[in-house]
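Structural characterization, general
Residues per chain, in single letters:
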Amino acid sequence: MTTAAGFDLGPDGPGTLVVGVDGSDTSWRALYYAFGVARRQHATVLAVFAVPTPIAFGNDGIVVGAIAEANEQLADELRPAIQTLAVDFRVRAEFICRVGDPGIMLVQVAQEHHADALIVGASQALIHQVFPSNAIRAVRRCRCPVTVVP
């Protein structure tokens, strides 16, 4: 929108949305929500797959190798699925894969790209009733608005 003085006021909504994806049902719902918002607001979606580093492993490294291979396979499945959704929704999207704590990586990507919002799926794990989930940690650390999709 341009005013009478010739100033461009720009869009009212977000320009960049960071969304956490990990293949879970809630992360897919968060991704669809992000694409819907991005379509309406003409925003860009940055889909972040944060690969957690394994905590425990055997002496032979077989467990670590299996976990790394499973995460790599999931990333290879997520990348084209996200690009297909981007085309379907007519939205600019980028898939980012990082190794590290998901809560920290999501906030880091949001800060690096000056994101206007971070969107995450709510955890369904029972352990997160006692220990904070990635969503709760992101809400506490992120400087932009955080939406938690159930």
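Right above here is the structure, for reference.
The structure contained in this document is the topic of the report that follows.

1. Remarks on the overall build of the protein chain
Assigned secondary structure in the protein chain consists of four helices and five strands. Put simply, the protein chain has 150 residues, and 37% of those count as buried. The long-range fraction of contacts in the protein chain, counting pairs at least 24 apart against all pairs at least 6 apart in sequence, stands at 74%. On the protein chain, roughly 9,000 Å² of surface is accessible, and the fraction owed to carbon and sulfur atoms is 56%.

2. Remarks on the nonpolar core
Residues Val19, Val21, Leu31, Phe35, Val45, Ile82 and Phe95 are the most contacted members of the largest nonpolar core, which totals 26 residues. In contact with Phe95, not counting residues within four places along its chain, are Val21, Ala47, Phe49, Ala75, Leu78, Arg79, Ile82 and Gln83. Grouped together as the second largest cluster of nonpolar side chains are 13 residues, Val48, Val107, Ala115 and Leu118 included.

3. Considering the side chain of Thr16
Among the structural elements, Thr16 can be located in strand β1 (residues 16-20). Here Thr16 falls in the buried class, since its relative accessible area comes to 17%. The residues contacting Thr16, other than those within four sequence positions of it, are Ala43, Thr44, Leu46, His113, Ala115, Asp116 and Ala117.

4. Thoughts on the side chain of Ser27
Within the element layout of this structure, Ser27 appears in helix α1 (residues 25-41). In this structure Ser27 comes out as buried when scored by relative accessible area, which is 4%. A polar side-chain atom of Ser27 sits 3.0 Å from the main-chain carbonyl oxygen of Ser24. With near-sequence residues (within four places) excluded, Ser27 lies in contact with Gly20, Val21, Asp22 and Gly121.

5. Quick word on unusual backbone geometry
In the Ramachandran plot, Arg90 falls in the positive-phi region, its phi being about 60° despite a non-glycine side chain. Inspection of the secondary structure assignment puts Arg90 in the loop between α2 (62-89) and β3 (92-99). In this structure, His114 is a non-glycine residue whose phi angle is positive, near 50°. As for its position among the elements, His114 is in the loop between α3 (102-112) and β4 (117-121).

6. A word on α3
Among the residues of α3, those classed as buried are Pro102, Gly103, Met105, Leu106, Val107, Val109 and Ala110. The opening residue of α3, the one whose side-chain oxygen lies 3.2 Å from the backbone nitrogen of Gly103, is Asp101. Taken from the residues just after α3, His114 is the one with a positive phi, measuring 50°.

7. What to know about α1
Counted at 1.5 Å a residue, the expected span for α1 with its 17 residues is 24 Å, and the 24 Å between its end C-alpha atoms agrees. Looking one or two residues beyond α1, the residue adopting positive phi is His42, at roughly 60°.

8. Some thoughts on the environment of Arg143
Looking at the element boundaries, Arg143 is found in the loop between α4 (134-141) and β5 (146-149). Along the chain, Arg143 and Ala117 lie 26 residues apart, while their C-alpha atoms are 9.0 Å from each other.

9. A closer look at the environment of Val18
Looking at the secondary structure, you find Val18 in strand β1. Along the sequence, Val18 and Ala117 sit 99 residues apart, while their C-alpha atoms lie 6.4 Å from each other. Once residues within four sequence positions are removed from consideration, Val18 is found in contact with Leu46, Val48, Leu106, Val109, Ala110, Ala115, Ala117, Leu118 and Ile119.

Rules used in this analysis
- Residues numbered from 1 in each chain as written.
- Predicted model: local features only at pLDDT ≥ 70, side-chain atom pairs only at ≥ 80, totals over all residues.
- Heavy atoms only, no water.
- Helix = DSSP H or I, 4+ residues; strand = E, 2+ residues; numbered from the N terminus.
- Buried < 20%, exposed > 50% of the residue type's maximum accessible area, 1.4 Å probe, protein only.
- Contact = heavy atoms within 4.5 Å.
- Areas by Shrake-Rupley, 256 points an atom, 1.4 Å probe, with all protein chains shown as cover.
- Core = buried A, V, L, I, M, F, W, Y, C linked by side-chain atoms within 4.5 Å.
- Polar contact = N/O pair within 3.5 Å; in protein donor to acceptor, adjacent residues only side chain to side chain.
- Expected span 1.5 Å × (residues − 1).

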